[in-house]
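# Fold and contact review
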Amino acid sequence: MKTFQRLVLSGFWLLLASSSFWPVAADEPARPPQPEEAAKKIQVTADLEIALFAAEPLVRQPVSMSFDHRGRLWVLEYIQYPNPNGLNPTAVDEYLRTKYDRVPEPPPRGPQGNDCVTILEDTDGDGRADRAKEFLTGLNLASGMALGYDGVFVAQPPYLLFYADRDHDDVPDGDPEVLLKGFGMEDAHAFANSLTWGPDGWLYGAQGSTVTADIRGIGFQQGVWRYHVPTKRFELFAEGGGNTWGIDFDRNGQLFAGGNTTEPLCHHVQGAYYIKGFGKHGPLHNPYAFGYFNPVKHVGLLGTALTGGCVIYQGGLFPQRFNDTCIYPNLRANAMRVARLVPVGSTFESHYQEDFAVSSDIWFRPVDCLVGPDGALYAADWCDINISHTNPTDRSQWYPPSRTDGRIWRFVPAGTNPRPMERLGLEQLASADLLKLLMHRNAWYSREALRILGERRDRSVVEALRPLLFATADDHLALEALWTTYVSDGLDDALAADLLAHRSAAVRAWTIRLLGDEGLIPAALYPKLIEIARDEPDPSVRSQLACTAKRLPGKQALPIVERMLERDADANDTHLPLLVWWALEDKAVSDRGDVLGLFADRSVWQHPLVRDALAQRLVRRYVGEHSAAGWAACVQLLNAVPEPTQRDRLIAAIDTQLAESRLETPPKELTELIEGLLSQPTASPAVLRLALRLQIAGALPKALALVADRAASADDRAGLIATIGATRHPECVPPLLECLSKEEPLAIRAAALSALQAYGDAEIGESLVTGYADMTPELRAQARGLLVSRAGWAHTLIDAVRGKRIAVGDVDTAQVRQMLVHKDKDLNRQIEALWGKVTPSTTREKQGRISAVQTMLSKYPGDAAVGKGLVRKHCGICHTFFGEGNKIGPDLSTADRKNLTVLLPNVIDPSAIIRPEFVAYTAHTADGRVLDGLLANSNPESVTLLDAKNVRTTLRRDEIEALEPLPTSLMPERLLDTLSVQEICDLFAYLRSDAPAK
């Protein structure tokens, strides 16, 4: 029966593959629906309605918006995208990163483009813009904009520019002032963007993933940065976070940013490091970060997660359920979604609440959101059928964008009558009147008042703010008063001392942050911070204190860190262990003696933060220093450890760090210490592993004896096997092959297969083939991966297939392709004889399969309980689903699983869109290996590949000849080919279910 069903399925695909799926002919470019028709296609959440505020020709390609103090909407139109005018590309890589023939001069000397800043105004009060005035024209890939200081700030990489308009006639007073130079300009998808005023008066911005900035000696690929206008200071606020686009602050001043990551948002805290696509973007700039923050964990429906331009709604107009929620565009899904931000320790989770707006119109591309003075939500609609404008067969070629379209939508509660934007004239208000706006229910007013007061720096308001700081029951108003006091230059030591004891955690945290921004805490206030480090109950305050400690000199930072080490509960916090580590790491070399002094007290080792988060990272930091002082520090820490188990953990950390670099000359002090431990009757596995790494005589026999001891712990044996493979002792091949015996536990056999990868002996290939029949399916897959990694072993595999010792169907397409990479003519000939020409499916064939499965699912019911086993078998190798499976690919639980138009292409055509963090790589090593996998880790000395069978391989960079991105996903294309019709229906029934099957 299954054979018949598969033939039917094959027939479906062949039939449907013959039909075209393109929506329009190549010579008939599609056009978006008219605005009125487009509005009908947008389904808006309950209690709200959508209205058009502006459309072409008044606005085109809107990418950023800002309301001025008169209630007019300023729009940055990104018409020049994606290529700068007047520059010639000299090279384009696989990520669209383009090198140009020169760095353009700033306007007006540099080449002009088509971008512009336009002012939209609703003059008749009908809720729709009827007047457009161009403030700036001729911009050339200008990607960010903010209003302030009697002018307009514009990000036009490589520059941050300021156009003054001090007479407020909507005409620039002259040429722009160049404030910063050095933003990356290799890819217009990732330019500096989202200029946003912070509550501290700094101008914040983001930079995306595929460009590299170098500003005043600070280099970074992606992150959040800030610029202080009065003092002209520039800082990288946080590094990493994805293709960051969109910044907003919640009511407590916490910074959130959107990005092209696996979750909707990142919660950025000062001085932190965030996830990057390490293969695409390179390692973090601090090689000793030894960790990074992920985006905030998302609970519930995620969708396709291409988010940016988010807002934390604080407009006061919407129904209560929207207050303080994050409303974020989902560009790829033609949607906008709502998530609640739920505090979890010192950070947050995002919980899906509802869809805000979903359109059946594929031209609907919301890219930026903004809350207006009326409390309505405004969404900039890029209005383009293409997202990246890249030709899938040649990424160096651009699809032409639609440059003449663009819409701005306005969302209001149902039945709300359009209200004209009042000619507010906030900048004409007296400072005392601006203070009244701090308590406005719409945060647009308080933010605008704060901005204007910050520009005035009017100290006369400071005394009037004091009652708001202490005599009000409204903690948020107290926080607004603190921000206003600070930007008005009124935060003195006496006031700060009182604020450090404020009842509001947000006020305490922000006081610490504002004091720390100066890089030195006043002597009179410093004891207060020590008290907070010891006694503070709120994790968000402790988070900021750790961030601030990193910025302070060692003599101030380390006593704070010392008190924070004693906060045992913080060991389980999502952020705090790494924040405390980064503060400590910043002083590890500059204040080495004081840092080591912290660990001289044996009692400190009993605290979980030290035991589980800091000590191991610290010894790795000193190993990575590659200096005599660093090795001496390692030995000092090993001697300070109060008990052997903790010492072994430090030794294991040293071994981990050495695994990522070549050790030319083993350090004498460390070698002598390990020799002493090795001489003891029962040397621990950690000692044995480091002794092998240090090439200490007598270590190998002891290690092999423990490996052969089946009564020993499997974890200990597997760890030694991994080190034996990494250190490549030739005499270890026979013992490793013995570990493949079917009597050995699965973990030992898997470890041996990984270790054997480092050796090139021909007998290894023969042994794998001989023992293949006795292996589990998981081990067989790993063995085949080993065999295809070397040309000689690949010949052995081919011979085994020809001799029917290994089934031809066992070798999957990815493994066949991996053998072709060896470029061995004889091997290629035999591959073609066995498997035919290995070519990817055509787009038409894939669309045929998608249509066939869609038809199938509409006709035949599936059993989710049966599908659970199929999902676990076929998807769980790489994906987590309802808490089960591996984490090689994205978590399927939060994917847009209900929507077949999204789900089916992802399953059947997984290589069509490969998210940056899931791009696979092929590594060519100097000893002839070819290895595929995701970059699970990357640093200046090594990379770690994670293959589709969940096997990790760490390679030093000096042994890699080439590291190239794979054009295809690690996920196989023909995943469904081995399944019957009923099995496919069962699998999708479970994939689309709401809860785990019993």
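In short, a report on the structure. (Residues numbered from 1 in each chain as written. Predicted model: local features only at pLDDT ≥ 70, side-chain atom pairs only at ≥ 80, totals over all residues. Heavy atoms only, no water.)

### So, the overall build of the protein
The number of helices and strands found in the protein is 32 helices and 38 strands. Viewed in the frame of its principal axes, the protein has a C-alpha envelope of about 85 × 75 × 60 Å. Within the span of the protein, comprising 998 residues, buried residues form 58% of the whole. Considering only residue pairs separated by 6 or more positions, the protein has 66% of its internal contacts joining residues 24 or more positions apart. For the protein, the accessible area works out to roughly 39200 Å², and carbon and sulfur atoms hold 51% of it. Treating the 104 positive side-chain charges of the protein as one cloud and the 126 negative ones as another, the clouds have centres 4 Å apart. (Helix = DSSP H or I, 4+ residues; strand = E, 2+ residues; numbered from the N terminus. Buried < 20%, exposed > 50% of the residue type's maximum accessible area, 1.4 Å probe, protein only. Contact = heavy atoms within 4.5 Å. Areas by Shrake-Rupley, 256 points an atom, 1.4 Å probe, with all protein chains shown as cover. Lys, Arg positive; Asp, Glu negative; His and termini not counted. Charge placed at Lys NZ, Arg CZ, Asp CG, Glu CD.)

### A look at the packing of aromatic side chains
Summed over all chains, the structure comprises 29 aromatic pairs. Measuring from centroid to centroid gives 6.1 Å for Trp-225 and Phe-234, while their planes differ by 35°, and the two rings are tilted. Considered together, Trp-225 and Phe-234 belong to a single accessibility category, that of buried residues. Ring plane angle 75° and centroid distance 5.6 Å describe the contact between Phe-318 and Phe-322, whose orientation is recorded as edge-to-face. For the pair formed by Phe-318 and Phe-322, the shared burial category is buried. Here a set of aromatic residues connected by ring pairs shows up, and it is made of Tyr-313, Phe-318, Phe-322, Phe-356 and Phe-411. The ring of Tyr-288 has Arg-621 lying over it, and the distance from NZ or CZ to the ring centre is 3.8 Å. The side chain of Arg-790 reaches across the aromatic face of Trp-793, ending 5.2 Å from its centre. (Phe/Tyr/Trp six-rings, centres within 6.5 Å; stacked < 30°, edge-to-face > 60°. Lys NZ or Arg CZ within 6 Å of the ring centre and 35° of its normal.)

### Digging into helix H21 (residues 714–727)
Here H21 contains 14 residues, and its C-alpha end-to-end distance of 20 Å stays within 8% of the 20 Å for a straight helix at 1.5 Å per residue. Within H21, the full set of buried residues consists of Arg-717, Ala-718, Gly-719, Leu-720, Ile-721, Thr-723, Ile-724 and Gly-725. The N-terminus of H21 is capped by Ser-713, whose side-chain oxygen sits 3.2 Å from the backbone nitrogen of Asp-715. Among the residues trailing H21, Arg-728 stands out with phi positive, at a value near 60°. (Expected span 1.5 Å × (residues − 1). Polar contact = N/O pair within 3.5 Å; in protein donor to acceptor, adjacent residues only side chain to side chain.)

### Re the nonpolar core
Ranked by size, the top nonpolar core spans 221 residues in total, and within it Ile-408, Ile-560, Phe-599, Trp-605, Ile-674 and Met-819 carry the most contacts. The dominant element in this core, judged by the number of residues it contributes, is helix H15 (residues 608–625), at nine residues. Leu-892, Leu-900, Val-907 and Leu-987 belong to the second-largest nonpolar core, a separate cluster that totals 25 residues. (Core = buried A, V, L, I, M, F, W, Y, C linked by side-chain atoms within 4.5 Å.)

### A closer look at the sheet that holds strand S17 (residues 223–228)
Taken in spatial order, the four strands make up an open sheet running S13-S14-S17-S18, and their pairing is antiparallel. Each of the sheet's edge strands pairs with one partner strand only, and the pair in question is strand S13 (193–197) and strand S18 (233–239). Recorded for the sheet is a direction-independent mean angle of 20° between the axes of neighbouring strands. Note that S13 and strand S14 (residues 203–207) share three bridges and pair antiparallel. Bridged to Thr-196 within S14 is Tyr-204. (Pairing = 2+ DSSP bridges. Axes fitted to C-alpha atoms, helices over the stretch in contact; angles between N-to-C directions.)

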